[in-house]
Amino acid sequence: MPNDSNHLRKDPMFKLAVGRSPLNAETHLASAPTFTLLGKGLSRRDIYDLAYAFAEHFLSSYKKPPKLAVIDLDHTASLTHGAQQYSLFNTKYGNTCYLPLMIFEGLSGKLITAILRPGKTPSGRKHGRSSPLFANTYSLRPIK
C-alpha cells in the first residue's frame, strides 16, 4: 500500500478528479504516512459511522424507493504485506489478507457499504449483528 499511495498521489487523473492541477508537483495528494495517521486516528464509532454514511448515500441515490431490493453480501480478499493488525493467512487465497464484506444491492449492482474484516474465513455467525445493515430498507435503523 505505501508504494501504491506514494505513486498514485502524483497521478494526474486523481489530482484532476479532486480539483487539483494535474501537472503541478506542488499539488500532490496525500502520502502513505498521511493515510497511516488517518487510519490510526479513527475510532470504532468513526468506522461504523463511515459504513452508515455509505448506506445513507445508497438510499439517497433513489428518487423513490424501488419495489424490491436484493441484498448481496460478498467477501473479497484484500492482500496485505508486512505485519498489519488483523492481517491473517487465508488458505483459500494462499496469502495474508483482510477479508472485507462488500454489501451491494443485487439488482442495480450499487455498493451499499463495505466492512473491513480480518483475513480469516468467517464462520457466518456474526454477519447479522456486526454489520450496519438496516431492518427496514428505507429507515436506516441499525441492527443491534
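Residues numbered from 1 in each chain as written. Predicted model: local features only at pLDDT ≥ 70, side-chain atom pairs only at ≥ 80, totals over all residues. Heavy atoms only, no water.

## Let's talk about the overall build of the protein chain
Secondary structure assignment for the protein chain yields 5 helices and 6 strands. Counting from the amino terminus, helix and strand elements in the protein chain follow one another as α-α-α-α-β-β-β-β-β-β-α. Across the 144 residues of the protein chain, 22% fall into the buried class. Put simply, 43% of the contacts in the protein chain that link residues at least 6 apart link residues at least 24 apart. About 10,400 Å² of surface is accessible on the protein chain, with carbon and sulfur atoms providing 59% of the total. (Helix = DSSP H or I, 4+ residues; strand = E, 2+ residues; numbered from the N terminus. Buried < 20%, exposed > 50% of the residue type's maximum accessible area, 1.4 Å probe, protein only. Contact = heavy atoms within 4.5 Å. Areas by Shrake-Rupley, 256 points an atom, 1.4 Å probe, with all protein chains shown as cover.)

## Section: the environment of T113
Looking at where T113 falls in the secondary structure, it is placed in strand β6 (residues 111–115). Engagement of the side chain of T113 in a polar contact is seen with the backbone oxygen of A51, the distance being 2.9 Å. (Polar contact = N/O pair within 3.5 Å; in protein donor to acceptor, adjacent residues only side chain to side chain.)

## Regarding the sheet that holds strand β2 (residues 78–79)
Strand order in the open sheet made by the 3 strands is β2-β4-β3, with antiparallel pairing throughout. Each edge of the open sheet carries a strand with a single partner, namely β2 and β3 (88–90). Sheet topology note: the β3/strand β4 (residues 95–98) ladder contains 3 bridges and is antiparallel. When the sheet's bridge partners are listed, L88 is paired in β4 with C97. (Pairing = 2+ DSSP bridges.)

## As for unusual backbone geometry
The phi torsion of most residues other than glycine is negative, and most of the peptide bonds are trans. Although it is not a glycine, Y86 adopts a positive phi angle of roughly 70°. Mapped onto the elements, Y86 comes out in the loop between β2 and β3. For Y86, a relative accessible area of 53% translates into the label exposed.

## Comments concerning the pairing of β4
Examined bridge by bridge, β2 and β4 share 2 bridges and lie antiparallel to one another. Bridge pairing in β4 places L79 opposite C97. Linking β3 to β4, which pair antiparallel, is a turn of 4 residues; within it G94 sits at a positive phi near 65°.

## Brief notes about the sheet that holds strand β1 (residues 71–75)
Pairing in this open sheet of 3 strands is antiparallel, and the strands run β1-β5-β6 from one edge to the other. In the strand order of this sheet, the two ends are held by β1 and β6, each with one partner. Averaged over all neighbouring strand pairs, the angle between strand axes comes to 20°, with direction disregarded. Summarising the sheet, strand β5 (residues 101–105) and β6 pair through 4 bridges and their orientation is antiparallel. (Axes fitted to C-alpha atoms, helices over the stretch in contact; angles between N-to-C directions.)

## Observations concerning the packing of aromatic side chains
By the definition in use, this model includes 2 aromatic pairs. Ring centres 5.9 Å apart and planes at 25° place the aromatic pair Y48 and Y52 in the stacked group. With a gap of 4 residues between them, Y48 and Y52 both fall in helix α4 (residues 44–60), about one helical turn apart. The partly exposed category is assigned to Y48, whose relative accessible area is 24%. Residues F58 and Y62 carry aromatic rings whose centres are separated by 5.4 Å and whose planes lie at 85° to one another, so their mutual orientation is edge-to-face. Across the ring face of Y62, the terminal group of K110 is positioned such that the distance to the ring centre comes to 3.9 Å. (Phe/Tyr/Trp six-rings, centres within 6.5 Å; stacked < 30°, edge-to-face > 60°. Lys NZ or Arg CZ within 6 Å of the ring centre and 35° of its normal.)

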